[in-house]
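Next come the chains, spelled out residue by residue.
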Amino acid sequence: MKTVVSGLIAGAVALGAGPAAGADPSQEAAASPGEAEVAFDDATVLAIRAGRVLVRPGVSVEGAVVLVRDGVIEAVGSELEVPEGARVIEGAVCCAGFIDPWSALGLDASVLGDQSTDAATRTADGLDPYGVDHLLAEALAAGVTSVRLQGGQAAAVGGLGAVVRLDPQLSATEALVNDEADIAMAVGLSVDGGMQLVQLPDGSYSMISGARAVDPFDRLSQVERVVSKIEEGRSYLEAQVEYRHELEAWELGIAEKLKESEKDFKKAKKARDKKVAEAEEEGEEYKEKKYKEDKKPKKPKFDAEKEALSLIADGVVPLVVEVHRTAEIRNLLAMTARFNRLRLVIAGGSEALHAAEQLAERKVPVIVWPSLRGTERFDEFDGAGLELAGELAGRGGSVLLGSGGRDGSVTRDLPLLAALTVSHGFGREAAFEALTLGAATTFDLAHRLGSVEAGKDADLLVLDGDPLDTTARVRHVICGGREVVHQED
Amino acid sequence: MLETLTVIATLAAGGDRVDLDAPLVGERTTVFRADEVHLGDGRVLDGGVVFVQDGVIREVGVGLEPPTGAHVVEHDGALTPGLVALHGFEGGGEELLDSTRPFLPGADAATAFNPDHPDFTRSLDCGITAVVLSPPASILCPGTTAVVKTAGAVVVSRRAQLVLGLSTSALKADEFPTSYAGALAALDERFSEPKGAFRSALDGELPLLVKISTRSQIQRALGFLTRHRLRGALYGSYWAEEVVDEIKASAFSVICTPSDPGDDGRWARSIAALSAAGVRLGFGLDAPGRHPHCLRFGAAVAVREGMDPGAALTALTGDAAAIAGVGGRLGRVERGLDADLVLWSGEPMDLASEISAVYVDGKRVRGGER
Amino acid sequence: MMITITTAAICLLAGADTENAAPAGQNLAIFADVVYTSTGEVIEGGMVRVRDGKIRVVSKGAPAEDDVHVAAVTAGMIDLSGRILSSRAVEQSNEITPHVRATDAIDLFSVSWDRQLRSGVTCVMISPPDDNVIGGLSAVVKTGGPRSLSARTVKADAALRGAFGSQPSRRNHPAFGRPTDFFSRRPTTRMGVEWEWRKAMYDAIAAASDETRAFAGHERLMQAMRGELPVVAQAWATQDIRTAVFLVEEMAGHVEGGIRLVIDAGAEAWKEPELLVRSGSAVILPPFDHDGRTSDGAFMAWNVAALLAEKGVPIALSSHDARGADDRLAVQGAWARRGGLSFADTLAAVTLTPARMIGVDDRLGSIEVGKDGDLALWNATPFEAGSRVIGVVLDGELVLDPRGGK
């Protein structure tokens, strides 16, 4: 089977990357023999004629056309006319490109492992998609078009995450879709090094090295730390707001006083002149009356970290907390209940089932990493089977699917893992939503990604069958309006 | 397929245990009707019907009339043979490993079979009805494999394959052999004046399972194996695409090593290339380190890379059984073979398909009443 | 048949190849400002035409625009001490393993092959590492071509490999130490190593007449003593070279023929060159070291190559599978030149002389009609500071294109 991923082969054409970046000038494409021609300049319209277009989760249109121009979906419909000169792609099914909301693809290893991050650390500053061209190509060919990246994966506070498009032809800046997608924190993650005694399923005991579990008291204090960080942000925000009010009040007071003094000016002048004359008569110096001005309110000191934390306190960006154990999840929910603007997202959630109702009530989405683990893993993921996504959804929870945020090469296999959750109780539609509109909505990108609707970015897949059917091949991938993958047999 | 025919002759498929021509007794018969019956050799019967009695498949066809009194299972989806995982350590753990001497051809993996081990439960959950227990390749000849079922404590075949280790794990730093040459010389000796297991291997009665991990090891092994006109399978498929022609010419099968999410794309490309070249394939596991889900996951990754889904299913069923030398009992939905079946909610190679039921020896071991 | 020969003869006489004379097969012409044939002949404005893997024409020629045209062309270089193999190539359960073949451990996918090829070395002799006293049989192998041993082997069982000095004894320890593994054994010193050599030889002589005393590889030792199989033995220091030569002389008294000795890594051969002259031995020099300090306490003088050449000792240069571009065989030539070796002798030391040492000069080592189409293409006069191999032809195929193709 021949796969062409344009941009990796010399001679392919560079196109406008999308609304965020400037359009590249079109060039003559030197397609090598045997390569499917993917060249077209940005004046041309791309038309996808599909047997079925999955517009958004739950809504599909039979025999429809999707028109793409300048990296944006111009129109979707069954009655659309394909304009003259348009490049036409035919396929059985067309849907939005998949989003991996918990990925490490394109992050430098040192950024991922950085433990000294704080809330103001920007993952967008640590992007390195250049060394992983082959992984980007594989992920695209599997249907994943954008990812949320987070530096400081195991740090207490990971900082501001970024959502990035996977087109290997784009520079790190051009690929950025959102550089302040969320703030991440972690609770109860095992620490490298050391040994721990674990009980195997057959009852025997074994010493396992590599990951040292954090003890329950430390884990609880980590939850408290999360809460205190949010509180820091909240009080910083409060201080800002208070300052603005005080400043306003002070300025108002000054203005009023001035007005008053204007009114009494003549009277006051007369009184003063009289006093001056009296003093002169008695041969004394006239002492000017001193008026004290109210102190101007002091502006709260700028603090980058608190500035960032205030974003989560104010609900401007979501807070993603990686947490697994029941006790920590329950404590986290209980202790953050008072922050009424906080948008909480849980990542991992191996034991989230025990707090499923509370999570559903608080509308906290859980990003699940459906992983195939053998018996030799005794860390925070112990107990998380493929049924987790289905079971959480069954109890009313909102579930997203991600690749774990630790190893960039797993992003490519996310669609396969999603299919496995479907065979273990997660609804097909729910899984599709998790991979598309659900992830986009959680990270405030629903106006740009996640569905095939006019006005959104053109991140699209053309497949032979249902997107979650692992035997249905992905034939074309459009990323930011540019065809990046074309696979024929 | 000389080897397969030999095996069928010696095991006398089902006919040994059951008289296939005797009339069916309705009360003891289960009839399966499914939208698609995958026979395990690449063929699919639309609206197929399978009769099972006393744990043996008695009839397979389309439009067959069930005998009176038979219990009928109507399935909305696909029926396939149970999956056969070539190479695994289920339940064996450390019991399978003995590296005291370079040659232990008498070591029999079946003695380490622990049918109550929870590993088998997980394998059944993934539709795997038979596993080939294999000693690890930490010495030149660690023994023989055994084909066991994941339910019912059944040993289908003891001494199914003779294992040879030709990767660096069979070479030592301070014991003989320290070199490939030394290893090959010792093996040459065993096969030049063959006795016991080596004699059987040369006579074609005992296929080999040769464990390798690099391209040059494949070349080296094939050179040795073709010189002695041996038959069997290679275990280890990474980067095999660069030596596809040599593998094809040797008539050796290839057992693909298990795949995890995130594994190097080369693994999948290798398998797709081997399949396209017509090399007979099977999939292996090395549980318990790895979850049995990896078996079908690996097949799905290979399909994504271009392998035909029908060929992938055959590699997990009929071809796998043939490689392990038990093609006369397992791996296909065919008259006379064991009734090890899996019912799927959809296309079997689609990971989104659920397992509706699993039957081993005609008994339902997974799935609800239908 | 007759017609073909006549056509070929006409081509040769004319000195120019005619386009219509070629039957099927890769047909390639290399043009160079200077063609160094290694036979003594130097052709200015020369051309070498290869077809079907062999050199067909060597003459003057003017290149056309698209032709391959470089500053200089030499025969593909030969490295007799490539040292590409890993420790898996030496069977250490016994110190004397004359039957073990280095090719059993070959990894044709190793990146070393490509590295050697792209630096102009078209042929390498691979040997078991010198952890054994007598490690086994070396083979001469091309560094490129189809990835199969049969396609690449020029000469199997080309030499018997062994070592003098301390390396073979390094891992052994006296029996009272830890008797759990086979490293509790002799030899533990260089005297022991020499003892093992001599014992092996005498045992082989005994085995030749008494079947019950046969051991693996004894026939190889007899072949070596009769001079039918060259012996390539590592001996860095003078004392080890001396040991080797004395042993050769001793065994010459017992077996008709006499060992054909090649000293590998003879860094200190400059100290007593008379030993080499009188025994007719050849020397493979190890890579030059900037401060002269090499293994086994041997000191390698800058001018060792020039000195030996002056004495008439056949010398070959080697690179020991150098990773850095600075240490590859082409640059070893530059170091030898700097040490006073003449251009002609340097060229011979990387082409014809090593070919002769192991008996493959019928096919390799010079640019002559009928020999293998293995060429190194240079950007300047070879073995100078700025010169590099920029193209390579192997078995008549342009595997590295100086025009920037491959």
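Residues numbered from 1 in each chain as written. Chains lettered and ligands numbered in written order. Predicted model: local features only at pLDDT ≥ 70, side-chain atom pairs only at ≥ 80, totals over all residues. Heavy atoms only, no water.

K.L.:
Which residues make up the overall build of chain A, and what values go with them?
P.N.:
The number of helices and strands found in chain A is eleven helices and 18 strands. With 489 residues in all, chain A has 53% of them scored as buried. A sequence separation of at least 24 residues applies to 69% of the contacts in chain A between residues at least 6 apart. Per element, the accessible surface of chain A, about 22,300 Å² overall, is 50% carbon and sulfur. (Helix = DSSP H or I, 4+ residues; strand = E, 2+ residues; numbered from the N terminus. Buried < 20%, exposed > 50% of the residue type's maximum accessible area, 1.4 Å probe, protein only. Contact = heavy atoms within 4.5 Å. Areas by Shrake-Rupley, 256 points an atom, 1.4 Å probe, with all protein chains shown as cover.)

K.L.:
Lay out the layout of surface pockets with the relevant residues and their values.
P.N.:
All names here are of chain A. The volume enclosed by the largest pocket comes to roughly 860 Å³. Secondary structure elements with two or more residues in the lining of the largest pocket: α4 (216–263) and α5 (265–282). With eight residues, α4 is the single largest residue contributor to the lining of the largest pocket. (1 Å grid on protein atoms, 1.4 Å probe; cavity = no way out; pocket = protein on both sides within 12 Å on 5 of 7 lines; lining within 4 Å. Points joined across faces, edges and corners; volume = space filled by probe spheres on them.)

K.L.:
Describe the interface of chain C and chain B, and please don't skip the residues or the numbers.
P.N.:
Contacts between the two partners involve 21 residues from chain C and, on the opposite side, 22 residues from chain B. Carbon and sulfur atoms make up 52% of the surface buried where chain C meets chain B, a total of about 1,500 Å² over both sides. Considering only the side of chain C, the residues that lose the most area to chain B are C:Arg88, C:Asp104 and C:Phe109, jointly responsible for 46% of the buried surface there. If you look at where chain C meets chain B, you find zero salt bridges. Run the count over chain C and chain B and you get ten residue pairs in polar contact (both at pLDDT 80 or more). When grouped by side-chain class, the residues that make up the side of chain C that touches chain B number nine nonpolar, four polar and eight charged. (Buried area = accessible area lost by both parts, 1.4 Å probe. Salt bridge = Lys/Arg side-chain N within 4 Å of Asp/Glu carboxyl O. Polar contact = N/O pair within 3.5 Å; in protein donor to acceptor, adjacent residues only side chain to side chain. Nonpolar A, V, L, I, M, F, W, Y, C, P; charged D, E, K, R; others polar.)

K.L.:
Now, about the pairing of strand β4 (residues 68–75) of chain C: what can you tell me, with residues and values included?
P.N.:
Strand residues, when the strand is regular, have side chains that alternate between the two faces of the sheet. Residue and element names in this part refer to chain C. The buried count for β4 comes to six of eight residues, which makes it a mostly enclosed element. As paired strands, strand β1 (residues 27–36) and β4 are joined by five bridges and run parallel to one another. Within the sheet, the bridge partner assigned to Val34 lies in β4 and is Ala72. Pairing of β4 with strand β13 (residues 375–378) involves four bridges; the strand directions are antiparallel. Among the inter-strand pairings, Val73 is bridged to a residue of β13, identified as Leu377. (Pairing = 2+ DSSP bridges.)

K.L.:
Break down the pattern of salt bridges for me, with residues and values.
P.N.:
Within this structure, the stated rule accounts for 77 salt bridges over all chains. The residue A:Glu305 makes a salt bridge to A:Lys229 at a minimum N-O spacing of 3.1 Å. Taken together, the positions of A:Glu305 in helix α6 (residues 304–313) and A:Lys229 in helix α4 put the pair 76 residues apart, joining distant regions of the chain. Each member of the pair, A:Glu305 as well as A:Lys229, carries the same accessibility label: buried. Residues C:Glu228 and C:Arg226 are paired through a salt bridge, measuring 2.9 Å at the closest nitrogen-oxygen approach. Under the relative-accessibility criterion, C:Arg226 is labelled partly exposed at 36%.

K.L.:
Just give me the short version of the packing of aromatic side chains, but keep the residues and values in it.
P.N.:
Counted according to the given criterion, the structure contains 14 aromatic pairs over all chains. With 5.2 Å between their ring centres and 85° between their planes, B:Phe191 and B:Phe198 make a pair best called edge-to-face. Exposure class is identical for B:Phe191 and B:Phe198. Each is buried. Centre to centre, the rings of C:Tyr36 and C:Phe343 are 4.8 Å apart; their planes meet at 50°, and the pair counts as tilted. You can see C:Tyr36 sitting in strand β1 and its partner C:Phe343 sitting in helix α10 (residues 343–350), a full 307 residues away along the chain. Side by side, C:Tyr36 and C:Phe343 carry an identical accessibility label, which is buried. Joined through ring pairs, the aromatic side chains of B:Phe103, B:Phe191, B:Phe198 and B:Phe224 make up one cluster. In this structure, B:Arg190 is placed above the aromatic ring of B:Phe103, and the distance from its NZ or CZ to the ring centre is 3.8 Å. The positively charged end of C:Arg186 is found above the aromatic ring belonging to C:Trp195, 5.1 Å away from the centroid. (Phe/Tyr/Trp six-rings, centres within 6.5 Å; stacked < 30°, edge-to-face > 60°. Lys NZ or Arg CZ within 6 Å of the ring centre and 35° of its normal.)

K.L.:
I'd like to hear about the state of the cysteines, residue by residue, with values.
P.N.:
Under the definition given, this model contains zero disulfides over all chains. Note on B:Cys126: no disulfide assigned, nearest cysteine sulfur contributed by B:Cys294 at a separation of 8.8 Å. (Disulfide = S-S within 2.5 Å.)

K.L.:
Can you explain the nonpolar core? Please cite residues and give values.
P.N.:
Counting residues in each nonpolar core, the largest one holds 264 residues, and the members touching the most others are A:Leu319, A:Leu401, B:Val210, B:Ile247, C:Ile126 and C:Trp197. Take this core: its biggest share by element is eight residues, from helix α8 (residues 293–304) of chain B. Counting 19 residues, the second-largest nonpolar core is a separate cluster that includes B:Val163, B:Leu209, B:Ala320 and B:Ala324. (Core = buried A, V, L, I, M, F, W, Y, C linked by side-chain atoms within 4.5 Å.)

K.L.:
So, the sheet that holds strand β11 (residues 162–165) of chain B: which residues are in play, and what are the values?
P.N.:
Residue and element names in this part refer to chain B. In space, the six strands of this open sheet follow the order β8-β11-β12-β13-β14-β15, with mixed pairing throughout. Where the open sheet ends on each side, the last strands, each with one partner, are β8 (143–144) and β15 (281–283). As defined by bridge partners, β8 adjoins β11 across two bridges and the pair is classed as antiparallel. Bridging from a neighbouring strand, Gly143 pairs with Val163 of β11.

K.L.:
Could you give an account of the domain arrangement of chain A, with specific residues and numbers?
P.N.:
Residues and elements named next belong to chain A. Per the domain assignment, the segments of chain A are domain 1 (1–97 + 450–489) and domain 2 (98–226 + 312–446). Residue-level contacts link 35 residues of domain 1 with 33 residues of domain 2. Between domain 1 and domain 2 lies a buried interface of about 2,600 Å² when both sides are counted; carbon and sulfur atoms form 67% of it. There are four salt bridges connecting domain 1 and domain 2. Of the charged contacts, one joins Arg482 and Asp167 as a salt bridge, the two residues approaching to 2.8 Å between their closest N and O atoms. The tally of links from domain 1 across to domain 2 stands at six residue pairs in polar contact (both at pLDDT 80 or more). (Domains from an automatic or database assignment.)

K.L.:
Lay out the domain arrangement of chain B in plain terms, naming residues and giving numbers.
P.N.:
Residues and elements named next belong to chain B. The domain boundaries assigned to chain B delineate domain 1 (2–82 + 332–367) and domain 2 (83–323). The straight-line distance from the C-alpha centre of domain 1 to that of domain 2 is 27 Å. Residue-level contacts link 27 residues of domain 1 with 29 residues of domain 2. Both faces considered, domain 1 and domain 2 share a buried interface measuring about 2,200 Å² in area, 62% of it formed by carbon and sulfur atoms. Counting across the interface, domain 1 meets domain 2 through four salt bridges. We note a salt bridge from Lys149 to Asp338, for which the minimum N-O separation is 2.6 Å. The interface formed by domain 1 and domain 2 includes nine residue pairs in polar contact (both at pLDDT 80 or more). Elements represented by at least two residues in the side of domain 1 that touches domain 2 include exactly α1 (2–11), β5 (71–81), β16 (341–344), β17 (355–360) and β18 (363–367). Considering each element in turn, the side of domain 1 that touches domain 2 owes the most residues, four residues, to β17. Residues belonging to the side of domain 1 that touches domain 2 are distributed by class as follows: eleven nonpolar, seven polar and nine charged.

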